[in-house]
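Chain by chain, the residues:
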Amino acid sequence: MIFAAIVAIEVKDLLSSVIAVGAVGFALCLAFLILKAPDLAITQLVVEILCLIILIRATIKRDLPLVIEGRWVFNTVSTLVFVAVFLFFAWTALRELPLFGEPIMAVAKKYLEEGTAKTGAVNLVTAVILDFRAYDTLGEATVLFTSVIGIMAILRRPGRKKREALK
Amino acid sequence: MINNPKTGMTLIVKTITRLTIGLILLFGIYIILHGHLSPGGGFAGGVIVALSFVHMMLAFGKDVAVTKVSKNIASNLESIGALMFLSVALLGFLGGTFFLNVLPKGSPFRLFSAGTIILSNISIGIKVGVGLFAIFLALVILERAKKEDE
Amino acid sequence: MSLYLLCLALFCVGLYGVLRKRNIVKIIVGLGIMEYAMNLFFVLLGFRFHGRAPILAQDQNILNMVDPLPQALVLTSIVIGLGITALVISIAIRIYERYGTFDITKIKKLRG
């Protein structure tokens, strides 16, 4: 996965980099299956396909070569300093986590024991997102709605009468 | 379906698409309805329904897809899906608090067993599916309008 | 612990793409990679050795399941990521129409 990500960032052709992002997404779907999360694997697979269609739609005829020029040393040094500071803080934070493979599960124990009795659903992830934590699903529906409205507002063409008036 | 050789893709793609988009739509509806029994749920099923419409548009060209689901129908259906989800939430007021699960819960492992979860799944599936197809429609109409200007 | 570090490495590759590249589509690709890394990190937090998927079966009594709570949060996050990518791509298409290039050092003309 890391190798495909490095290829996606570095390669000069836009179409190749989009296809490499698709490879990262499919490898992520396999990783979700290994980590015993079938719900997430199905959702990640179909979302990745749709994301690839939209990205290819945007880059298929608009490819341009680039030239690197000027102010290169300052950029590299400041980026390396920022990434080093970030890595230091992340390392300090990662030490506090419990060991991999032994989660604490203080809240989830209650969901696992009483989930089927209280909601009647067999799939416990669906019971969590639609009954125990339905507010989060409402928020996510709002975010998707806002995104659709935003895209329809950005990609709007003036009607035929206004185009005639502008000419 | 319009069989015009100038719009859309080649004949092989059109024949295969005619056979499979009904199956993809049915599979998406199956995953939405059985969200509380097997992995899936409203979001994955909604995206699969959107993929079946996008498939129809990619294979047959823009005009055929617009006659089936036009832009007004898409935006109206999406608003209806969002309003349905909110009304299912407000239905919980009959029981006491917001979002309470008030419909009767039968025995597990049957289709109508989980109260309001199945209604929530259906409304989210409609909303996500039609909304994502509306995004794709907006991208394609932009291309077509730009080509008419040139 | 090494799995957490690999996830962090993937996040850093995406971060490098957002900070250092000049093409807008490369920046969007970096944003997508950062988002995949965060989803993977959340699911890694809830894994239990020899656990089973959190779905009951009709004839077995399953005692040890993986944590269903991070999986519920990540399910929402995956679909929101799709919405974000679509919105940013539409802005990039508009920028290309107006300026004729995807290069961010040449997009300097503010309005007004």
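Refer to the structure presented above.
Here's a quick rundown of the structure. All figures in this text were calculated on a predicted structure; none of them were measured in a lab.

Attention shifts here to the overall build of chain C. What chain C contains, in helices and strands, is three helices and zero strands. Put simply, chain C runs from its N terminus to its C terminus through helices and strands in the order α-α-α. Relative to the compact-globule value of 13 Å for 112 residues, chain C shows a C-alpha radius of gyration of 20 Å, a clear excess of over 25%. Principal axes of the C-alpha set define a box for chain C whose edges measure 65 × 30 × 20 Å. Evaluated residue by residue, chain C yields a buried proportion of 56% over its 112 residues. Of the contacts made within chain C by residues no fewer than 6 positions apart, 45% connect residues no fewer than 24 positions apart. Averaging the locations of the 12 positively and 5 negatively charged side chains of chain C gives two centres separated by 17 Å.

Ranked by internal contacts, the top residues of the largest apolar core, which has 108 residues, are F32(A), L40(A), L132(B) and L40(C). At 13 residues, the largest contribution of residues to this core is made by helix α5 (residues 117-149) of chain B. Look past the residues within four positions of L132(B) in its chain and what remains in contact with it is L50(A), V47(B), A50(B) and L82(C).

Here we take up the interface of chain C and chain B. Tallying the contact residues gives 11 residues for chain C and nine residues for chain B. Buried area between chain C and chain B, summed over both chains or domains, comes out near 860 Å², and the portion from carbon and sulfur atoms is 85%. In this structure, the connection of chain C to chain B is made through zero salt bridges. Here chain C is connected to chain B by zero residue pairs in polar contact (both at pLDDT 80 or more). The residue makeup of the side of chain C that touches chain B, split by class, is eight nonpolar, one polar and two charged.

Scanning the entire structure with this criterion turns up six aromatic pairs over all chains. A ring pair is formed by F27(B) and Y30(B), whose centres lie 6.4 Å apart and whose planes are at 25°; its orientation type is stacked. Here Y30(B) and F27(B) lie together in helix α1 (residues 11-33), a separation of three residues that amounts to about one turn. Here F27(B) falls in the partly exposed class, since its relative accessible area comes to 45%. Accessibility expressed as a relative area gives 43% for Y30(B), which makes it partly exposed. When the centroid spacing of 6.1 Å and the interplanar angle of 80° are considered together, the rings of F47(C) and F49(C) count as edge-to-face. For F47(C), a relative accessible area of 12% corresponds to the buried category.

To continue, consider the pattern of salt bridges. Residue and element names in this part refer to chain C. Per the counting criterion, the structure on display carries three salt bridges over all chains. R94 is the salt-bridge partner of E97, the closest N and O atoms lying 3.3 Å from each other. In this pair, E97 and R94 both sit in helix α3 (residues 68-99), three residues apart, roughly one turn of the helix. For E97, a relative accessible area of 28% puts it in the partly exposed group. Assessed through its relative accessible area of 26%, R94 is described here as partly exposed.

Residues and elements named next belong to chain B. Between α1 and helix α2 (residues 42-60), the shortest axis-to-axis distance is 8 Å and the interhelical angle comes to 165°. Comparing their axes, α2 and α1 come out roughly antiparallel. Our pair here, α1 against α2, has a crossing hand that is left-handed. The class makeup of the residues in the contact of α1 with α2 is 13 nonpolar, eight polar and two charged.

Residue and element names in this part refer to chain C. In contact at an axis separation of 7 Å, helix α1 (residues 2-20) and helix α2 (residues 24-45) are set at 160° when each is read in the N-to-C sense. Overall, the two elements α1 and α2 adopt an arrangement that is roughly antiparallel. For the crossing formed where α1 meets α2, the hand is left-handed. In this structure, α1 uses L3, Y4, C7, L10, F11, G14, L15, G17 and V18 to contact α2, whose residues at the interface are K26, I27, G30, L31, I33, M34, A37, M38, L40, F41, L44 and L45. Here the residues of the contact of α1 with α2 are counted per class, giving 17 nonpolar, three polar and one charged.

Reading the values: the criteria
Residues numbered from 1 in each chain as written. Chains lettered and ligands numbered in written order. Predicted model: local features only at pLDDT ≥ 70, side-chain atom pairs only at ≥ 80, totals over all residues. Heavy atoms only, no water. Helix = DSSP H or I, 4+ residues; strand = E, 2+ residues; numbered from the N terminus. Rg over C-alpha atoms; globule rule 2.2 N^0.38 Å. Buried < 20%, exposed > 50% of the residue type's maximum accessible area, 1.4 Å probe, protein only. Contact = heavy atoms within 4.5 Å. Lys, Arg positive; Asp, Glu negative; His and termini not counted. Charge placed at Lys NZ, Arg CZ, Asp CG, Glu CD. Core = buried A, V, L, I, M, F, W, Y, C linked by side-chain atoms within 4.5 Å. Buried area = accessible area lost by both parts, 1.4 Å probe. Salt bridge = Lys/Arg side-chain N within 4 Å of Asp/Glu carboxyl O. Polar contact = N/O pair within 3.5 Å; in protein donor to acceptor, adjacent residues only side chain to side chain. Nonpolar A, V, L, I, M, F, W, Y, C, P; charged D, E, K, R; others polar. Phe/Tyr/Trp six-rings, centres within 6.5 Å; stacked < 30°, edge-to-face > 60°. Axes fitted to C-alpha atoms, helices over the stretch in contact; angles between N-to-C directions. Parallel < 35°, antiparallel > 145°, perpendicular 65-115°, else oblique. Left-handed = near helix turned anticlockwise from the far one by under 90°.

Purely spatial values, then, with no claim about function.
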